[in-house]
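Structure assessment
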Amino acid sequence: MKTLLPVACGACLISGIGIGWWASSSSIGKPPSPASQTDSPGPSSRPKPDLVKGDSRISRLRKLAEDPQHLDAELDSLPGSDLPELINLLAAQGGIEGLLGEERERIQLLLKRRYEESPEDTIAWILATPHPGDRRFYFESVFEIAAAKDPVKALEMAERIRRETGDGISLPPDFINKVARMGADSLLRAMALTLGKADRRSGWDVDFPADFDFKTAANGLAEMCKQRTQGEDFRTYPCNLVESWVKQDVQAAYAWVAANDAQANFFSCGLSDFFTGYAKLAEPSEYGSFAAQATLTGDLNERSWDVALNALMKNPDSSVIDAFLTAGSNQRDTGEMLTKLIDASINYYSADVLRQNLFNRLSEEQRAKYLLTAPEKIRSHLGAEPPADP
């Protein structure tokens, strides 16, 4: 592979709709109004719906909601028009976040069945649900069905939810693969939907097409990171974007990461991820030499040595270390490089073999001198004690 010429690092990198689930002016079946708008309500924050007294149908549904075994046995025989009231009754028992897994799965089953029968009415009902946590759960429960049928329409539906509610959305991995195959602009539209106040986040490996426009996608994601407010994050993101970019264009991937590392780290596409990809492609000597040129240039700080150590951790082969030290010796003293790298390994248990390999490269005199001032944690990792006083 042609040796890379590293570039200098630059600055470190969805209107509530006032209709029910079916056409009716009755209040029966509308989403219950919560006592608060938090995502994780307590059991008392979800009052039971004010259903019409004496309604035998509603009484029957209430009994079914309170008797899961009986409900499961009769689910298939329930008419679709009964499902909204039933979901309200089930959710009123503590809010979605207060339900057990099997109870949440039962609601998902009801939602998916209703969506299959009447998708537009279902989305309208979801939009009219006042509680953001429940609303997001309802939407994510039916989104997989929509995405399997038509990814383009599913993306438009998700954008409608975001536009009219402001909700951040988690997207399933298979859908991220589908929008990636549609192109960088479609992936960015999907990622914009997942950005928001996140109580959970997940990175997934995406199967990018060979002709994917990585630069457009990376620049768009970095710009989202710059404009995000405190506490916002991606609920779902492609964590292997840079690693996959390396396979297409190593030099372009490195140049982008070097200039956008601070933003890229928010979606696992920083320098460490670049080296993960490059280590799988380059010959050991080429990799070691490039790692030194890329990380030891200019004024170094603790972060610089941490990046250098992480680069070596991607391929700690002895020939990689030798090539790293040889290339770095034009700018740094070998002893300094070794001790700085050992210092940087202090919190990395996964660096045990590499740490020992680096330590063994010091001369006996250098080892003794280093152990005199080395942190106790480092000495413990090395299984060494400082030399005794003469």
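Residues numbered from 1 in each chain as written. Predicted model: local features only at pLDDT ≥ 70, side-chain atom pairs only at ≥ 80, totals over all residues. Heavy atoms only, no water.

This brings us to the overall build of the protein chain. Counting its secondary structure elements, the protein chain contains 20 helices and four strands. Expressed as a percentage of the 390 residues in the protein chain, the buried residues total 49%. Of the accessible surface of the protein chain, which amounts to about 18500 Å², a share of 49% is contributed by carbon and sulfur atoms. (Helix = DSSP H or I, 4+ residues; strand = E, 2+ residues; numbered from the N terminus. Buried < 20%, exposed > 50% of the residue type's maximum accessible area, 1.4 Å probe, protein only. Areas by Shrake-Rupley, 256 points an atom, 1.4 Å probe, with all protein chains shown as cover.)

Moving on: the environment of Trp 305. Along the chain, Trp 305 turns up in helix α15 (residues 302-313). Placed 32 residues apart in sequence, Trp 305 and Met 337 show a C-alpha to C-alpha distance of 8.6 Å. For Trp 305, the residues in contact, after removing those within four places along its chain, are Leu 296, Leu 300, Glu 336, Met 337, Lys 340, Leu 341 and Ala 344. (Contact = heavy atoms within 4.5 Å.)

Counting residues in hydrophobic clusters, the biggest one holds 107 residues, and the most contacted among them are Tyr 138, Leu 241 and Phe 274. Per element, the largest residue contribution to this core is eight residues, and it comes from helix α6 (residues 132-149). (Core = buried A, V, L, I, M, F, W, Y, C linked by side-chain atoms within 4.5 Å.)

Turning next to the pattern of salt bridges. Scanning the model with the defined rule gives eleven salt bridges in all. The salt bridge partner of Glu 117 is Arg 113, with a shortest N-O separation of 3.4 Å. On the criterion of helical spacing, the pair formed by Glu 117 and Arg 113 is a turn pair, its members being four residues apart in helix α4 (residues 101-117). Connected through salt bridges with shared partners, the residues Arg 113, Arg 114 and Glu 117 form a single ionic network. (Salt bridge = Lys/Arg side-chain N within 4 Å of Asp/Glu carboxyl O.)

So, on to the packing of aromatic side chains. The full count for this structure, using the stated rule, is 18 aromatic pairs. Between Phe 208 and Phe 212, the aromatic rings sit 4.8 Å apart at their centres with planes inclined by 50°, giving tilted as the arrangement. In terms of burial, Phe 208 and Phe 212 fall into one category: buried. What links up through ring pairs into an aromatic cluster is the set Tyr 254, Phe 274, Phe 275, Tyr 278, Tyr 287 and Phe 290. The cationic tip of Arg 367 hangs over the ring face of Phe 359; the distance from NZ or CZ to the ring centre is 5.9 Å. (Phe/Tyr/Trp six-rings, centres within 6.5 Å; stacked < 30°, edge-to-face > 60°. Lys NZ or Arg CZ within 6 Å of the ring centre and 35° of its normal.)

Of all eight residues that make up helix α11 (residues 241-248), six are buried, and the element is covered over most of its length. Within α11, the full set of buried residues consists of Leu 241, Val 242, Glu 243, Ser 244, Trp 245 and Val 246.

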